[in-house]
Amino acid sequence: MQRSSYGERDYPFGQMMLTLRTTIGLTQTGLARQLGVSRNAVAQWEGGSSYPKAEHLQHVIELGVRAFAFPARHEEEAIQTLWRAARQKVLLDEHWLRDLLHRASASSSEQGAVGAPQRNRTTTNGTALWTVPFPRNTHFTGRHELLDQLTVRLTPLASSQPTTLRSAALTQAQVIKGLGGIGKTQIAVEYAYRAREMGQYIHTLWIAAASEETLLMSFAALAEQLPSISFKEEIDQRKLVRAVIRWLEQCQEPWLLILDNADDLSMVQPYLPVQGQGSLLFTTRSSAVGWLAPSLEVSAMGVIEGAELLLRRAGRFAQASDEHMNEAATLAAELALFPLALDQAGAYIEETSCSLADYFQLYQAHRHTLLSRRGRQATHYPESVATTWSLSFEYLEATHPAAAELLRSCAFLSPDAIPEEVLTEGAFHWPPALQAAVADRLSFNQMLEALLAFSLIKRFAEDRFLSIHRLVQVVQRERLSPEEQRQWTERVVRVLNAVFPQNPQESTSWHLCLRYLDQVQDCATLIWEQHVLLPEASELLERAGAYLYERGLYTPAALLYQHALSMREQLVGETHTTSISDMLQLAHIYFNQGAFVAAEALYQRALPIAEQHAGAEPLLLIKVLRGLAHVYGDQGKYAQAEALYQRALPIWEQLAEAKQVRRGGILASLAFVKAQQGKYTEATILSQRLLCLREQHLGPEHPHVASALLGLAQIMTLKDEDAPVEHFNLRALRIYEQHSGPEHPLVAMALHALARLYTGQGKYAEAKPLYQRALHIREQQLGPENLDVSDTLSGLANLYYKEKKYTEAESLYQRALSIREQQLGSENSVIIDVLLGLANIYREQEHYMQAESLYMRALRISEQHPERVETTHILHDFARLQQMQGQTKEAVALYQRALSIRERVLGSEHPLTVKTRECLQGLFAVTDQVEETKRMETQQQKRATPVQSQQLEEEIC
């Protein structure tokens, strides 16, 4: 299939294919089914971006011949022209074509007088009426699906019996509805011209129905053109209307009556024919039309359609490059893909000869001015976007002030999904008229009815959402003064603060947090733009940030906390405890993102302030010390981390017992750091102390006890993977399941920990279903892109790796890597373990170049924190790769680097240190480096000499 770029689209061929299909009477989907291709393929042919294969084109020609879609007596010439236009690589089979035309001619002769093709219809008196007041829009773009549906729904009935109003309403009347400026009239005009090309109607009549006065005038003008109406001098317009309706009801020829801008359908209804051989087509802004006829709602255009319309209107489509098309798509999206706005923009660009980029920048600074400017050549639709809606706005303000205020409130909310309860439950903060209206469900519905009458909003009843077009928001805001805009922003802030859940850390509130999240994030933008400084604003952003943090969405959480911290510092000062709390939460997010430098800077900034408040707020100082220790510990700076924990420990021990229980996590953190340094006995004692403390004060079935059990199990397995800790993990899992239910993320955490234990013990069959269940819970509860999901994917991948199922392992590692890169970036240290897992897979498959590339990438990232244990994993495994390739010198250097760091950070007797030393000794042995082997053995013997150690006799419970 031959294709062309945006700048080379074959629009004439696309029009030929479009005309042929609609003349045949098929939709794009219908033709696709006939040919055995996708609907998108048909759309590309009609868009001029590709050409059909020869066999598909032949099939289309056959359909066209059977439907008499080619000009009579010129069929062969038209088909030859179509074939050449399609740029086929093979010549048209003339023998096949003549046989096809001969068979079609014979079939037509056999039909005799039974019927004639639609294109040859003639009027009984020789006069075909056409009163469409607009020329065909040469810039009309897209809307293929809507036009196809109109063609199918408005196809005249074959029966010669007059159609009653009931059957007309069911089969031959159609409403096109949507917001003013969305393109309803243009679709009706295009349909009329396409129907004329197809010979679908003899008479096509247009009535302007914006008001009863214009409707009567249109009928009167139509009466002058009807040959059977004899009283041309009649001045009573209603008599003329009755005469026109009577003519339509009695006319035996197919007709189409278009009633444009029929916003008040109840006013229009008495002027409709009650029977006849015709079709009725309405355009209206009203949304409640089901009582009259089926409807098609017109929405914003697609991105490609919008970009093409913009370029066509600007006169730049034929020469558009891919770069221009991309610019046009960006601008079209900024204009919310709204047809009238795109037309205005195109007119401005054409009239001023400015570039697309220039217009984009102008629009950012002068939205309302440009939306109010129509251009000098606006013949099809003379009103601008702003003018189109201004009369509706003014009508609402005069007749339904509360509805007008509701529309203004929606202009300051996220447009696509506005929860109705935001408007009703936040009533206290709205202006008085709106407060009263939202307090009662009936009056609330009446307000919505007023807005729906102009399609200014949409309502999704089942989900209890409203939506508003983005450009309606723009025009609404720009009608307000800067001070009024600020007032509405502050109202929205207070309303959202009132409805957003107070405890976003609780998973039971997450569904509501998610429901309001778009509103809060758009509100954050308004707060920033309007420089709003309200306590409610910082509280709202803090709670939304906390929800995002709980869901593992660290980047957007950090943005909200940054904004909240900035406001807090301006409202109460940098040294206030609430500012420090925001600072610590932001630092914690940075820590989880692996942004250790940024996290450390915030903790160091908070430390002297927390020390000043230590007397009144000792917990604040503990949080700072513990957070800073976390940062050091994750970078492999275990000594510095331990010193900070040891400093915090006596402060913690001076707390009241209840507070000690709540803040007992410091014992777990200190235990982990000690274990990482090989101080397993001390680490175990600390973990057991925490477990006893929590069991005594919280009870044996409390979730915090489960957390302590998992910590103790982890400490014990750091020393010995085969340590008997399974019962700790199983007990923790049972506690979480009983307390939080089987689908809670805490249950997934316990499942993951147990699966990791079984994997380390080689119990792969037991581990696999646990990982899979944990993965399911995390995907369902946290979302498929959550970092916890990537952890479980990585764990399951490691299991498959150990089972030598490398294909399955690679797929899971790749998905885990994609999640982490998307969430944290491609240079974050958090991705190191996944890179290492992939590299090891490629190494075992002897894909050495791929493996080496990943080892090198992991090493480059690890250079940010060279003393981390993860760095030694890379060095050790990379050395193994070099050894497998016979690169002994390189392998020795890597093993030595790994050993040096492990001895320094973990100690000489740590299992990982011992493993690296043994690998290095084995390498020396096989390479006859006898002296080096003896030296290492001597050092090892010295380390193994018994030494007196102080007996730890600390009372645990």
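Calculation notes
Residues numbered from 1 in each chain as written. Predicted model: local features only at pLDDT ≥ 70, side-chain atom pairs only at ≥ 80, totals over all residues. Heavy atoms only, no water. Helix = DSSP H or I, 4+ residues; strand = E, 2+ residues; numbered from the N terminus. Contact = heavy atoms within 4.5 Å. Areas by Shrake-Rupley, 256 points an atom, 1.4 Å probe, with all protein chains shown as cover. Pairing = 2+ DSSP bridges. Axes fitted to C-alpha atoms, helices over the stretch in contact; angles between N-to-C directions. Parallel < 35°, antiparallel > 145°, perpendicular 65-115°, else oblique. Left-handed = near helix turned anticlockwise from the far one by under 90°. Nonpolar A, V, L, I, M, F, W, Y, C, P; charged D, E, K, R; others polar. Buried < 20%, exposed > 50% of the residue type's maximum accessible area, 1.4 Å probe, protein only. Polar contact = N/O pair within 3.5 Å; in protein donor to acceptor, adjacent residues only side chain to side chain. Patch = residues over 30% accessible without salt bridge, like charges linked within 9 Å, V, L, I, M, F, W, Y side chains within 5 Å. Salt bridge = Lys/Arg side-chain N within 4 Å of Asp/Glu carboxyl O. Phe/Tyr/Trp six-rings, centres within 6.5 Å; stacked < 30°, edge-to-face > 60°. Lys NZ or Arg CZ within 6 Å of the ring centre and 35° of its normal. UniProt positions renumbered as here; feature names shortened; annotations may be inferred. pLDDT = per-residue confidence, 0-100. Expected span 1.5 Å × (residues − 1).

- In the nomenclature of an unreviewed UniProt entry, the protein chain corresponds to Tetratricopeptide repeat protein from the organism Ktedonobacter robiniae.

1. Regarding the overall build of the protein chain
Consideration 1: In terms of regular secondary structure, the protein chain is built from 46 helices and 10 strands.
Consideration 2: Contacts spanning at least 24 positions in sequence make up 67% of the contacts within the protein chain whose residues lie at least 6 apart.
Consideration 3: About 43,000 Å² of surface is accessible on the protein chain, with carbon and sulfur atoms providing 50% of the total.

2. Topic: the pairing of strand β9 (residues 457–460)
Consecutive residues of a regular strand have side chains that alternate between opposite faces of the sheet.
Consideration 1: Bridge count between β9 and strand β10 (residues 465–468): four bridges; the pairing is antiparallel. Paired with arginine 459 across the bridge in β10 is leucine 466.
Consideration 2: Between β9 and β10, which pair antiparallel and follow one another directly, the connecting turn spans four residues, one of which, arginine 464, has a positive phi of 55°.

3. Let's talk about the packing of helix α31 (residues 638–653) against helix α33 (residues 665–676)
Consideration 1: Relative orientation of the contacting elements α31 and α33 amounts to 150°, with a least axis distance of 10 Å. Taken together, the axis directions place α31 and α33 in an arrangement best described as roughly antiparallel. The two elements α31 and α33 meet at a crossing, and its hand is left-handed. Of α33, the residues touching α31 (which contributes Tyr638, Ala641, Glu642, Tyr645, Gln646, Ala648, Leu649 and Trp652) are Ile666, Leu667, Ser669, Leu670, Val673, Lys674 and Gln676.
Consideration 2: Classifying every residue of the contact of α31 with α33 gives 10 nonpolar, three polar and two charged.

4. Comments concerning the side chain of histidine 56
Consideration 1: Mapping histidine 56 onto the fold places it in helix α4 (residues 54–66).
Consideration 2: The class for histidine 56 is buried, based on a relative accessible area of 15%.

5. Observations regarding the environment of glutamate 821
Consideration 1: When you line up the elements, glutamate 821 lands in helix α40 (residues 806–824).
Consideration 2: Take glutamate 821: its relative accessible area is 27%, and that puts it in the partly exposed class.
Consideration 3: Note: C-alpha distance between glutamate 821 and isoleucine 831 (10 residues apart in sequence) is 7.2 Å.
Consideration 4: Discounting chain neighbours no more than four positions away, the residues touching glutamate 821 are Ser826, Ile831 and Arg857.
Consideration 5: In this structure the side chain of glutamate 821 is engaged in a polar contact, spanning 2.6 Å, whose partner is the side chain of arginine 857.

6. Quick look at the environment of leucine 859
Consideration 1: The topology assignment puts leucine 859 in helix α42 (residues 848–862).
Consideration 2: By relative accessible area, leucine 859 is classed as buried at 10%.
Consideration 3: When the C-alpha positions of leucine 859 and threonine 871 are compared, they lie 6.9 Å apart, and in sequence the two are 12 residues distant.

7. Focus on the packing of α33 against helix α34 (residues 680–698)
Consideration 1: At their nearest, the axes of α33 and α34 sit 8 Å apart, and the two run at 165° to each other. If you check the angle between α33 and α34, you find them roughly antiparallel. As for how α33 packs across α34, the hand of that crossing is left-handed. Along the contact surface, α33 presents Gly665, Leu667, Ala668, Leu670, Ala671, Lys674 and Ala675, while α34 presents Tyr680, Glu682, Ala683, Leu686, Ser687, Arg689, Leu690 and Arg694.

8. Some details on a nonpolar patch on the surface
Consideration 1: Side chains of Leu533, Leu571 and Val572 sit close together on the surface and give an oily, nonpolar patch of about 200 Å² of accessible area.
Consideration 2: When its relative accessible area of 39% is taken as the criterion, valine 572 is described as partly exposed.

9. As for unusual backbone geometry
Consideration 1: For serine 353, which is not glycine, the phi dihedral falls at a positive 60°.
Consideration 2: Note that serine 353 resides in the loop between α15 (339–352) and α16 (356–365).
Consideration 3: If you check the backbone angles, glutamate 846 has positive phi at about 65° while not being a glycine.
Consideration 4: With respect to the helices and strands, glutamate 846 occurs in the loop between α41 (832–844) and α42.

10. Quick word on the sheet that holds β10
Consideration 1: The strand order β8-β10-β9 describes an open sheet built from three strands, whose pairing is antiparallel. Each having just a single partner strand, β8 (418–419) and β9 make up the two edges of the open sheet.

11. Regarding the packing of aromatic side chains
Consideration 1: Following the criterion strictly, the structure yields 12 aromatic pairs and no others.
Consideration 2: Ring centres 5.7 Å apart and planes at 65° place the aromatic pair tyrosine 395 and phenylalanine 454 in the edge-to-face group. With tyrosine 395 in helix α18 (residues 385–399) and phenylalanine 454 in the loop between α22 (441–452) and β9, this residue pair connects regions lying 59 residues apart in the sequence.
Consideration 3: Accessibility expressed as a relative area gives 14% for phenylalanine 454, which makes it buried.
Consideration 4: For arginine 477, the ring lying beneath its charged end belongs to phenylalanine 412, and the centroid distance is 5.3 Å.

12. A short note on the UniProt feature "repeat: TPR" (unreviewed entry) in the protein chain
Consideration 1: Summarizing the sequence annotation, UniProt attributes the feature "repeat: TPR" (unreviewed entry) to residues 748–781, 790–823 and 832–865 in the numbering used throughout.
Consideration 2: For residues 748–781, helix accounts for 91% and strand for 0%, while the C-alpha atoms at its two ends are 10 Å apart.
Consideration 3: Annotation note: span residues 832–865, helix share 82%, strand share 0%, distance between end C-alpha atoms 12 Å.

13. Considerations on the pattern of salt bridges
Consideration 1: Under the definition given, this model contains 42 salt bridges.
Consideration 2: Its salt-bridge partner being glutamate 903, residue arginine 917 comes within 3.5 Å of it at the nearest N-O pair. Taken together, the positions of arginine 917 in helix α45 (residues 911–926) and glutamate 903 in helix α44 (residues 888–905) put the pair 14 residues apart, joining distant regions of the chain.
Consideration 3: If you follow the salt bridges from partner to partner, you end up with Arg136, Glu190, Arg194 and Glu197 in one network.

14. Structural notes on the sheet that holds strand β3 (residues 203–208)
Consideration 1: One open sheet holds the five strands; their spatial order is β3-β4-β6-β2-β7, and the pairing between them is parallel. Either end of the sheet is taken by a strand with one partner, and the two such strands are β3 and β7 (295–297). The mean angle between the axes of side-by-side strands here comes to 15°, regardless of whether they run parallel or antiparallel.
Consideration 2: Of the pairings in the sheet, the one linking β3 to strand β4 (residues 255–260) comprises six bridges and is parallel in character. Of the residues in β4, the one forming a bridge with leucine 205 is leucine 257.
Consideration 3: Where helix α7 (residues 144–153) meets the sheet, it contacts β2 (173–177), β6 (278–284) and β7, and its direction lies at approximately 175° from that of β7.

15. Brief notes about the confidence of the model for the protein chain
Parts of the prediction with low pLDDT should not have their coordinates interpreted in detail.
Consideration 1: Per-residue confidence for the protein chain gives a mean pLDDT of 84, with 89% of residues at or over 70.
Consideration 2: This stretch, residues 111–124, has a pLDDT under 50; its non-local contacts, to residues over four places away or in other chains, come to 21 contacts.
Consideration 3: In the predicted structure, residues 157–171 sits below a pLDDT of 50 and forms 28 contacts with residues beyond four places in sequence or in another chain.

16. Looking at the pairing of β2
Consideration 1: With five of its five residues buried, β2 lies for the most part within the structure.
Consideration 2: Of the two faces of β2, the one lined by Ala173, Val175 and Lys177 and the one lined by Gln174 and Ile176 are each fully buried.
Consideration 3: As paired elements, β2 and β6 share five bridges and run parallel to each other. Paired with alanine 173 across the two strands is leucine 280, which belongs to β6.
Consideration 4: Bridging between β2 and β7 involves three bridges; their strand directions are parallel. Residue pairing in the sheet places lysine 177 in a bridge with glutamate 297 of β7.

17. Considerations on helix α19 (residues 401–410)
Consideration 1: Most of α19 sits inside the fold, with nine of its 10 residues counted as buried.
Consideration 2: Listed as buried for α19 are Ala402, Ala403, Ala404, Glu405, Leu406, Leu407, Arg408, Ser409 and Cys410.

18. Some thoughts on helix α30 (residues 618–634)
Consideration 1: Here α30 spans 25 Å end to end across 17 residues, near enough to the 24 Å set by a 1.5 Å rise per residue.
Consideration 2: Counting buried residues in α30 gives 12 out of 17 residues, a clear majority hidden from the surface.
Consideration 3: Among all positions of α30, only Leu619, Leu620, Leu621, Ile622, Val624, Leu625, Gly627, Leu628, Ala629, Val631, Tyr632 and Gly633 are buried.
Consideration 4: Note on α30: the residue one or two positions beyond its end, glycine 636, has a positive phi of about 85°.

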